[in-house]
Amino acid sequence: MSVTADQFVDQCLSECRDLLDRGIQSGNQETEDRLNHRPIGGEWSPAQVYVHMTLANTPYESIVKTGVKTLPAAPGSTELKHTWFGQKLITLAGPGSGAPAPKAFVPPDGALSLSVVDDWANQFQRIIDLFESCKGKDLNLKFTKNPLIKLFSMNMADCIGLVTKHTQNHVEQIETRIASSC
C-alpha cells in the first residue's frame, strides 16, 4: 500500500508529538541522580540518551530548515519514496536495531544536569514545527548529502523518517532505563 507525502508527514507528526510528550514526562519526573544512573551493562544513562538525541538531531534540524525553504511545492497526493540509503538509515536508527552511534553523536561521560531534558525537548519541538512546514513540499527530491557520509544523497522523506524512528528508539530506551531498578 502506498502512502502519500502528506499522509507520511501527518503520521510522523503524530508520532513525534507523542514521543515529545513521553520524553518530557519521563525526564521531568526524575531526579538528577536517577537521570544519570547507568544500567549495569554500562549503557548510556537516560541523561546521556537525551544528549545523544540532541547531538544527532542538530544537523538534521539545519537540513530540514534549509529544505523547507528551498524544496519546490508538490501535490500532497504525491506518492512518498525514500532513497535506498535513507531507508537503510531509518532501519538502523529505529527501535531494536542496536546500531552503534557515530562518534560525533556520542554523549560525554560524567554527570549531566536536568537541563538536558529541556534542551532536547526545545530542539525537538522546533523540528516538529519544521516537519509541519514540509506539507505540500516535494519530499522525494534529493536535496542534501548525509551529514556523516557525504557520498549519499537524501530526500526530505528520509530526514523526517530518520529523525522520527531514531527518536522512537531512544525515548523507548529512556522509558525502559528509568523504569529499571538497576
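Because the structure is a prediction, the values reported are computed rather than measured. (Residues numbered from 1 in each chain as written. Predicted model: local features only at pLDDT ≥ 70, side-chain atom pairs only at ≥ 80, totals over all residues. Heavy atoms only, no water.)

### A short note on the overall build of the protein
The number of helices and strands found in the protein is six helices and two strands. Start at the N end of the protein and walk to the C end: the helices and strands fall as α-α-α-α-α-β-β-α. In terms of C-alpha radius of gyration, the protein reaches 17 Å, essentially the compact-globule figure of 16 Å for 182 residues. Expressed as lengths along the three principal axes of its C-alpha atoms, the size of the protein is roughly 50 × 30 × 30 Å. Every one of the 182 residues in the protein was classed for burial, and the buried ones make up 46%. Here the protein displays about 9,000 Å² of accessible surface, and carbon together with sulfur accounts for 55% of that area. Computed over 17 positive and 20 negative side-chain charges, the inter-centroid distance for the protein is 9 Å. (Helix = DSSP H or I, 4+ residues; strand = E, 2+ residues; numbered from the N terminus. Rg over C-alpha atoms; globule rule 2.2 N^0.38 Å. Buried < 20%, exposed > 50% of the residue type's maximum accessible area, 1.4 Å probe, protein only. Areas by Shrake-Rupley, 256 points an atom, 1.4 Å probe, with all protein chains shown as cover. Lys, Arg positive; Asp, Glu negative; His and termini not counted. Charge placed at Lys NZ, Arg CZ, Asp CG, Glu CD.)

### Remarks on the layout of surface pockets
Looking at the largest pocket, its volume works out to about 600 Å³. Along the walls of the largest pocket sit 30 residues, with A93, P100, A101, P102 and H166 positioned nearest its centre. Put simply, the parts of the chain that give the lining of the largest pocket at least two residues each are α3 (46-70), α4 (84-93) and α6 (156-179). A total of seven residues in the lining of the largest pocket trace back to one element, the largest contributor, which is α6. Looking at the lining of the largest pocket residue by residue, the classes come out as 17 nonpolar, eleven polar and two charged. (1 Å grid on protein atoms, 1.4 Å probe; cavity = no way out; pocket = protein on both sides within 12 Å on 5 of 7 lines; lining within 4 Å. Points joined across faces, edges and corners; volume = space filled by probe spheres on them. Nonpolar A, V, L, I, M, F, W, Y, C, P; charged D, E, K, R; others polar.)

### Digging into the packing of aromatic side chains
Summed over the entire model, instances satisfying the criterion amount to four aromatic pairs. Between the aromatic rings of W84 and F152, the centroid separation amounts to 6.4 Å while the plane-to-plane angle is 45°, which identifies the pairing as tilted. Of this pair, W84 sits in helix α4 while F152 is found in the loop between β1 (142-145) and β2 (153-155), placing the two residues 68 residues apart along the sequence. Classification of W84 as exposed rests on a relative accessible area of 59%. A connected cluster of aromatic rings, assembled from ring pairs, spans Y50, W120 and F124. (Phe/Tyr/Trp six-rings, centres within 6.5 Å; stacked < 30°, edge-to-face > 60°.)

### Comments concerning the nonpolar core
The nonpolar side chains of a soluble globular protein tend to be buried with one another. Counting residues in each nonpolar core, the largest one holds 47 residues, and the members touching the most others are L139 and I160. When contributions to this core are tallied by element, the ones reaching two or more residues are α1 (5-28), α3, α4, α5 (115-132) and α6. Once residues within four sequence positions are removed from consideration, I160 is found in contact with F8, V9, C12, F131, C134 and L139. (Core = buried A, V, L, I, M, F, W, Y, C linked by side-chain atoms within 4.5 Å. Contact = heavy atoms within 4.5 Å.)

### Some details on α1
With 24 residues, α1 should reach 34 Å at 1.5 Å per residue; the first-to-last C-alpha distance of 34 Å fits that figure. Those residues of α1 that fall on the buried side of the exposure criterion are A5, F8, V9, C12, L13, C16, L19, L20, G23, S26 and G27. Turning to α1, the residues buried within the fold contact α2 (32-35), α3, α5 and α6. (Expected span 1.5 Å × (residues − 1).)

### Regarding the pattern of salt bridges
Enumeration over the complete set of coordinates arrives at eight salt bridges. The partner of E15 in a salt bridge is K165, and the shortest N-O contact between them spans 3.4 Å. Residue E15 is located in helix α1, and its partner K165 is located in helix α6; the two are separated by 150 residues in the primary sequence. We note a salt bridge from E61 to R126, for which the minimum N-O separation is 2.6 Å. (Salt bridge = Lys/Arg side-chain N within 4 Å of Asp/Glu carboxyl O.)

### Concerning the environment of T4
Take T4: it is sitting in the segment before α1. Expressed as a C-alpha distance, the spacing of T4 and N146, which sit 142 residues apart in the sequence, is 23 Å. Leave out the neighbours within four places in its chain, and T4 touches G76, S77, T78, E79 and L80.

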